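Structural features, examined
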Amino acid sequence: MKPAVILDWLLAGFMGLLLPFSSFVASAIASDPSYIRHCFKTTAKAAGHLHGQVKSRAFSRYLLYGSVAPTKPEKVVGQCTHCGNCCLHRSCIYLDWSTSGESRCLIYSQPFWKKLACGRYPENRRDIDLYACPSFSSEAAKEGAPESTSP
Ligand code: SF4
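Thresholds applied
- The written sequence of each chain sets the order in which its residues are numbered from 1.
- With the structure being a predicted model, the display of local features is reserved for residues of pLDDT at least 70 and the display and counting of side-chain atom pairs for 80 or more, all residues being used for whole-chain, interface and lining totals.
- Angles run from 0 to 180 degrees between N-to-C directions of axes, and those axes are lines fitted to C-alpha atoms, restricted for helices to the stretch in contact.
- Secondary structure elements are defined from DSSP: runs of H or I of at least 4 residues count as helices, runs of E of at least 2 residues count as strands, and each element is numbered from the N terminus.
- The scheme is simple: roughly parallel for angles under 35 degrees, roughly antiparallel for over 145, roughly perpendicular for 65 to 115, oblique for anything else.
- The contact rule is simple: place each C-beta atom from the backbone, and if two of them lie within 7 Å, those residues are in contact.
- Ten residues, namely Ala, Val, Leu, Ile, Met, Phe, Trp, Tyr, Cys and Pro, are considered nonpolar, four, namely Asp, Glu, Lys and Arg, are considered charged, and the remaining ones, Gly among them, are considered polar.
- As used here, a nonpolar core is made of buried Ala, Val, Leu, Ile, Met, Phe, Trp, Tyr and Cys residues. They are joined through C-beta atoms within 7 Å.
- Neighbour counting defines burial: a residue surrounded by 20 or more other C-beta atoms within 10 Å of its own C-beta is buried, one with 12 or fewer is exposed, and intermediate counts give partly exposed, using backbone-placed C-beta atoms.
- Nearness here has a simple definition: the residue's C-beta atom, placed using the backbone, must lie within 6 Å of the molecule or strand.
- You can read pLDDT as the predictor saying how much it trusts each residue, on a scale of 0 to 100.
- Regarding the arc, it is the one traced by the directions from the helix axis to the C-beta atoms.

This part takes up the packing of helix α1 (residues 3-17) against helix α4 (residues 39-55). For the pair α1 and α4, interaxial distance at closest approach is 10 Å and the crossing angle is 170°. In this view, α1 runs roughly antiparallel relative to α4, as classed from their interaxial angle. Judged by residue contacts, Asp8, Ala12, Met15 and Gly16 of α1 engage Leu50, Gln53 and Val54 from α4. Within the contact of α1 with α4, the residues separate by chemical class into four nonpolar, two polar and one charged.

Here is the structure:
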């Protein structure tokens, strides 16, 4: 088993121990007491969130960020169409939907969000493939050009 997979499962196990406190944690991060008011629903969503984190290897990708060199220079192009796939395969506890069916993040641009990998997505072809993003693509970068373009 790869070390990154072991890391993901170890951290997921630790996070699983915190599930009973998830409504308080989610509420504090989002500054929204409704997560506590609906604590059973929040705990169920937190379990789904944790599953999404394991499925997307969120822990290891975050911790090992920058340590895996791209095989070849690439440039990411496109524009988000808000399908919600990259929100932990639509299981993020902070994912919400507009009336027109577009994904939106309930903690978008907040200090905590800025520390996550969300704001960097998608960085490369692997990211795009991971969530089957329908809107971004990866091109070979020209010599001397930046390796990726932020969405
Ligand atoms: S997967 Fe792509 S299109 Fe869908 S929300 Fe994420 S960036 Fe936007």
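Here the narrative resumes, following the displayed structure.
One finds Cys92, Ile93 and Cys133 to be the most contacted residues of the largest nonpolar core, which totals 16 residues. In this structure Cys92 touches His49, Gly52 and Cys87, once residues within four positions along its chain are discounted.

Another point: the site of the ligand. In the vicinity of the ligand, 14 residues are found, and the nearest of them are Cys80, Cys83, Cys86, Cys133 and Ser135. Taken together, the residues of the shell around the ligand break down into eight nonpolar, six polar and no charged.

Residues Tyr121 and Pro122 are joined by a peptide bond in cis, for which omega reads -10°. Not every positive phi belongs to a glycine, and Ser31 is a case in point at roughly 50°. Looking at the element boundaries, Ser31 is found in the loop between α2 (22-30) and α3 (34-37). Its identity as a non-glycine residue notwithstanding, Arg57 has a phi of 55°, on the positive side. One can find Arg57 in the loop between α4 and α5 (58-63).

Our next topic: the environment of Thr43. Topologically, Thr43 is positioned in helix α4. For Thr43 and Pro73, which are 30 residues apart along the polypeptide, the C-alpha to C-alpha distance reads 41 Å.

Moving on: the confidence of the model for the chain. For the chain, the average pLDDT comes to 88, and 91% of its residues sit at 70 or higher. Within the model, the stretch residues 147-151 combines pLDDT values under 50 with 15 contacts to residues more than four positions away or in other chains.

So, about α2. Taken as a whole, α2 has its buried residues at Ser22, Ser23 and Ala26. Projected onto a plane normal to the axis of α2, the buried residues spread over an arc of 100° and lie on a single side. Contacts made by the buried residues of α2 are with α3 and α4. Just beyond α2, the residue with positive phi is Ser31, at close to 50°.

Let's shift gears to the packing of α2 against α4. Axis angle and axis distance: for two packed helices, these are the angle between their axes and the distance between the axes, and together they describe the pair. Here α2 crosses α4 at 90°, and the two axes come no closer than 8 Å. Classified by the angle their axes make, α2 and α4 are roughly perpendicular. Seen from α2, the contacting residues are Ser22, Ser23 and Ala26; seen from α4, they are Cys39, Thr42, Thr43 and Ala46. The class makeup of the residues in the contact of α2 with α4 is three nonpolar, four polar and no charged.

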